[in-house]
Amino acid sequence: MSERVLVVDDDPHMALAMCRVLERDGFAVDSVCSGEQALSALARRCYAVVVTDLRMPGLDGHGLLGRARAVAPSTGVVVVTAHGTVPSAVSCLRDGAINYLTKPFSPEQLVAAVEEAARRRAAAGGPRGSDVEIVAEDPATMAAVELAMRAAPSDVTVLLEAESGAGKEVFARLIHRESSRRAGPFVAVNCAALPRELLEAELFGHRKGAFTGALRDRRGHFEAASGGTLLLDEIGEMSPDLQARLLRVLQEREVQPVGSETPVRVDVRVVAATHRDLREEVARGRFREDLYYRLRVLAIRIPPLRERPRDVEPLAIRFAQRFAGPEARLTRAALDKLRAHLWPGNVRELQNAIERAAILSGGAVLDAEHIALEPAPRRDAEPAPLPASLEEAERETIRRVLLTTRGNRAEAAAALGISPRTLRHKLKQYRDAGAPILEASR
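Residues numbered from 1 in each chain as written. Predicted model: local features only at pLDDT ≥ 70, side-chain atom pairs only at ≥ 80, totals over all residues. Heavy atoms only, no water.

Bringing the pattern of salt bridges into the picture now. Scanning all chains against the criterion turns up 27 salt bridges. Among the ionic pairs, Asp30 bridges to Arg45, the shortest N-O distance being 4.0 Å. One end of the pair, Asp30, is in strand 2 (residues 28–32); the other, Arg45, is in the loop between helix 2 (35–44) and strand 3 (49–53), and 15 residues separate them in sequence. Given the relative accessible area of 24%, Arg45 is considered partly exposed. With its nearest N and O atoms 2.6 Å apart, the salt bridge here joins Asp267 to Arg181. One end of the pair, Asp267, is in the loop between strand 10 (264–265) and strand 11 (269–274); the other, Arg181, is in the loop between helix 7 (168–177) and strand 7 (186–190), and 86 residues separate them in sequence. Looking at Arg181, the relative accessible area reads 8%, which means it is buried. Through salt bridges with shared partners, a single ionic network connects Arg44, Glu137, Glu313, Asp336 and Arg339. (Salt bridge = Lys/Arg side-chain N within 4 Å of Asp/Glu carboxyl O. Helix = DSSP H or I, 4+ residues; strand = E, 2+ residues; numbered from the N terminus. Buried < 20%, exposed > 50% of the residue type's maximum accessible area, 1.4 Å probe, protein only.)

Dropping the structure here:
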């Protein structure tokens, strides 16, 4: 099957010309006219190469280059521009572009650049799977991705807050891949999966004879992750005594293996993740306050799938292509059924549903009859926590209505019973106070 290329250019004549050249050379080509449309296309389909214009309204080629690293890290990017300068070329190549062409260029130059990008992709092993690729079409997801991308280059400790199945490890891997530690190891530990005694030895290592069954020295996950990133998943399940030991490791940057009196220096970037509200756990005395603030240098909330409805379709399409082949598709009835579900199991539940559907369909077309979904449990069994103030209640109401209208301000204002001008004023107040509500400006 021919390699698939995405052409991005706000000039329809230029886009058409590039498409014809590449199609004549055997590539399968899709075309969009903006960076925003390109991100949507990348979320829905795997492309070998993206050819993007540099100067475009809204999200330009350089911005698309950075965002594409999160959405489709295995896709090669070729930047083209009529306003080429040495600094812009250096900047694009430094940030991951495989080639940079200045208009006007010949058909042969374009084909050579795309072929080189496709070769490099193949040499790197093609798509690297879903462990790092993030499907992010919904504004709420993109906001979390952008925060993760900004945090990645530093060594700051990150706390990922999300429900089970929402993608905590995917975000942790993204942070690792975009950091200066990308060449080092990425080690993930589920703190809830091991009993306290084993978890201590797994994290910090042990010496021969330290306990029954310790037949040899073994280094722990902190040592194994030295030079890279350590994900401590479900950190809220860690026992109080291990919390104290972890705090010391984070402060001193050294571990003491079980059965040893000699500490070992480690160089690790820690990303912690939890489905619990650690502030509540601190208030109840179940989590150390000093460790909480040590971990929560920068917190990223990954919204559950029910709060990012625009991600359901592209995620389903991506899973269908994985389980039923690259040409797999979902019928309109199937997509309607998926959109109507609340997804209590989040992305993991969606993945399982599509994998089952691929088996039941026996082909490349997945219909509604192939999708078996369990009824979502009622979420009104427990009362929602009361807001701290009327202002907070108002802000939360506006946020939820904007989520329901997918960021459409006119529809949100009508639903709230206020004028669009009043809604704009409220949103500006929240932004000025440093607590913006994420919505699409429409």
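Back to the text.
In this section: the packing of helix 2 against helix 3 (residues 61–71). Following both chains from N to C, one finds helix 2 and helix 3 inclined at 15 degrees, their axes separated by 10 Å at the closest point. Relative to helix 3, helix 2 is oriented roughly parallel. Regarding helix 2 and helix 3, the two cross each other, and that crossing is right-handed. Packed against helix 2, whose contacting residues are Gly35, Ala38, Leu39, Leu42 and Ala43, the element helix 3 presents Leu64, Arg67, Ala68 and Val71 at the interface. (Axes fitted to C-alpha atoms, helices over the stretch in contact; angles between N-to-C directions. Parallel < 35°, antiparallel > 145°, perpendicular 65-115°, else oblique. Left-handed = near helix turned anticlockwise from the far one by under 90°. Contact = heavy atoms within 4.5 Å.)

Let's shift gears to the packing of aromatic side chains. Counted under the stated rule, the structure contains 2 aromatic pairs. Look at Phe204 and Phe222: their rings are 5.9 Å apart centre to centre, the planes differ by 20 degrees, and that puts the pair in the stacked class. Of this pair, Phe204 sits in helix 8 (residues 196–204) while Phe222 sits in helix 9 (residues 221–224), and the two are 18 residues apart along the sequence. Here the two residues Phe204 and Phe222 agree in accessibility, since each one is buried. Centre to centre, the rings of Tyr292 and Tyr293 are 5.0 Å apart; their planes meet at 65 degrees, and the pair counts as edge-to-face. Residue classification places Tyr292 among the buried positions, given a relative accessible area of 4%. (Phe/Tyr/Trp six-rings, centres within 6.5 Å; stacked < 30°, edge-to-face > 60°.)

Once that is clear, we can look at the sheet that holds strand 1 (residues 4–8). Overall, parallel pairing links the 5 strands, which are arranged 2-1-3-4-5 in an open sheet. Of all strands in the sheet, those bounded by a partner on one side alone are strand 2 and strand 5 (99–102). Adjacent strand axes in the sheet meet at a mean angle of 20 degrees when their direction is disregarded. Bridging between strand 1 and strand 3 involves 4 bridges; their strand directions are parallel. Looking at strand 3, one finds that Val8 is bridged to Thr52. Its contacts with the sheet put helix 2 on strand 1, strand 2 and strand 3, and the angle it makes with strand 1 is roughly 160 degrees. (Pairing = 2+ DSSP bridges.)

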